[in-house]
Amino acid sequence: MTVHFVGAGPGAADLLTLRAIRLLESADTVLYAGTYLDAEVLSHASADARLIDTQHLDLDQITAHLVDAHERGDDVVRLCSGDPSVYSALTEQKARLDAADVPWDVTPGVPAYAAAAALLGAELTVPEVAQSVVLTRTQARSTAMPDTESLARFAASRATLVLHLAIRHTRRLTGELVEHYGSDCPVAVVYRASQPEQIVLAGTLSDIADQVEQAELTQAAVIIVGRSLDAQAPRGSFLYDPARERRRG
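Residues numbered from 1 in each chain as written. Predicted model: local features only at pLDDT ≥ 70, side-chain atom pairs only at ≥ 80, totals over all residues. Heavy atoms only, no water.

With that settled, consider the overall build of the protein chain. Summing up its helical and strand segments, the protein chain has seven helices and 10 strands in all. Oriented by its inertia axes, the alpha-carbon framework of the protein chain measures out at about 60 × 55 × 35 Å. A total of 249 residues make up the protein chain; the buried ones form 43% of that total. The long-range fraction of contacts in the protein chain, counting pairs at least 24 apart against all pairs at least 6 apart in sequence, stands at 69%. Within the structure as shown, the protein chain displays about 13,300 Å² of accessible surface, and the carbon and sulfur contribution to it stands at 48%. (Helix = DSSP H or I, 4+ residues; strand = E, 2+ residues; numbered from the N terminus. Buried < 20%, exposed > 50% of the residue type's maximum accessible area, 1.4 Å probe, protein only. Contact = heavy atoms within 4.5 Å. Areas by Shrake-Rupley, 256 points an atom, 1.4 Å probe, with all protein chains shown as cover.)

Below you can see the structure in the form of structure tokens.
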């Protein structure tokens, strides 16, 4: 049988892909991260499925459940919050499954930053304002960041910056970003985008830390920084420019 790594999206049960729903409906065992998912997501699972919340399990314990399920002949869904391509520990888990000769595949999901941008009604790549989006995180009690991926290096580009796993360090991080973006640069913080308890905070680098502390946010939030959040494009996108020559046929 197969272990399916499935992107559960930002949390809302109706933001899973059709493929993800089909896999959940047919799975015998479902491992999920209870910290980040709305319980409604699990409503897609079979009533007979074995459900395992992994929020208090280490990687060895999670792998043991995956291997045990495979040996029972179960089809397994390993739900990952957002999309498995970002901060999902996919690389570590698939290496362990390869070592145990357990087959696996991956189904993408809606990433948290995309759900946050949709909630804001924001395009993160506005012509002549920002054409790049940097997805990164901060380092505290976590895996070390590569030397070449300092926040200052990314900020110097003035690209739209999306910070994951960083909400506890908002004040320190915004202080570091002011030099590059300016204190009046727009910032949005989105907590549990698409879920019933979602919270949206909008401000600037000068005041967003105060808002985060007042709201007592400590997890499950993304921080988006950049002029694209309130920009009006100086001119239209070249893609849709009426003067652009278009191929026919």
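In this section: the sheet that holds strand β5 (residues 104-107). Across a sheet, strands are paired by hydrogen bonds formed along the backbone, either parallel or antiparallel in direction. The parallel open sheet is built from five strands, whose spatial order is β3-β2-β4-β1-β5. Among the strands making up the open sheet, the edge pair consists of β3 (50-53) and β5. On average, each strand axis in the sheet is tilted by 20 degrees relative to the strand beside it, whichever way the strands run. The pairing of strand β2 (residues 29-32) with β3 spans four bridges and is parallel. When the bridges of β3 are listed, V30 appears paired with L51. Taken strand by strand, helix α2 (residues 59-71) contacts β1 (3-7), β2, β3 and β4 (76-80), and its axis lies near 155 degrees from that of β4. Across the sheet, helix α3 (residues 90-99) lies against β1, β4 and β5, angled at about 170 degrees from β1, the strand it touches most. (Pairing = 2+ DSSP bridges. Axes fitted to C-alpha atoms, helices over the stretch in contact; angles between N-to-C directions.)

Let us now look at the side chain of D74. Within the secondary structure, D74 sits in the loop between α2 and β4. Among the polar contacts made by the side chain of D74, one reaches the side chain of T29 at a distance of 2.8 Å. Residues within four places of D74 in sequence aside, it is in contact with M1, T2, D28, T29, R50 and A69. (Polar contact = N/O pair within 3.5 Å; in protein donor to acceptor, adjacent residues only side chain to side chain.)

Let us look at the domain arrangement of the protein chain. With domains assigned, the protein chain is organised as domain 1 (3-107) and domain 2 (112-229). Placing the centre of domain 1 and that of domain 2 at their C-alpha centroids yields a distance of 28 Å. In this complex, domain 1 contributes 11 residues to the contact, which on the side of domain 2 involves 14 residues. Taking both sides of the interface into account, the surface hidden between domain 1 and domain 2 amounts to around 880 Å²; carbon and sulfur atoms contribute 59%. It is P10, Y36 and Y87 that lose the most area in domain 1 upon contact with domain 2, and together they represent 57% of the buried surface on that side. At the junction of domain 1 and domain 2, the tally comes to zero salt bridges. Linking domain 1 with domain 2 are four residue pairs in polar contact (both at pLDDT 80 or more), by the criterion used here. Considered class by class, the residues forming the side of domain 1 that touches domain 2 number seven nonpolar, three polar and one charged. (Domains from an automatic or database assignment. Buried area = accessible area lost by both parts, 1.4 Å probe. Salt bridge = Lys/Arg side-chain N within 4 Å of Asp/Glu carboxyl O. Nonpolar A, V, L, I, M, F, W, Y, C, P; charged D, E, K, R; others polar.)

It is worth spelling out the nonpolar core at this point. Of all hydrophobic cores here, the largest spans 23 residues; its most connected members are L161, L163, L177, Y181, V189, I223 and V225. Put simply, the parts of the chain that give this core at least two residues each are α5 (151-155), β7 (160-164), α6 (170-181), β8 (186-191), α7 (208-215) and β10 (221-225). The contacts of L177, once residues within four sequence positions are left out, are L151, A155, L161, L163, G182, L205 and V225. In this structure, V6, V30, L37 and V41 belong to the second largest nonpolar core, which totals 18 residues. (Core = buried A, V, L, I, M, F, W, Y, C linked by side-chain atoms within 4.5 Å.)

Moving on to unusual backbone geometry. Phi is positive for R158, which is not a glycine, with a value near 60 degrees. Topologically, R158 is positioned in the loop between α5 and β7. Judged by relative accessible area, which is 52%, R158 ranks as exposed.

Bringing the sheet that holds β8 into the picture now. Across the sheet, five strands lie side by side as β6-β7-β10-β8-β9; this open sheet has mixed pairing. Both outer strands of the open sheet, β6 (133-137) and β9 (199-204), are each paired with one neighbouring strand and no more. Across this sheet, the average inter-strand angle for adjacent strands is 20 degrees, counted without regard to direction. Those strands touched by α7 are β8 and β9, and its axis lies near 155 degrees from that of β9.

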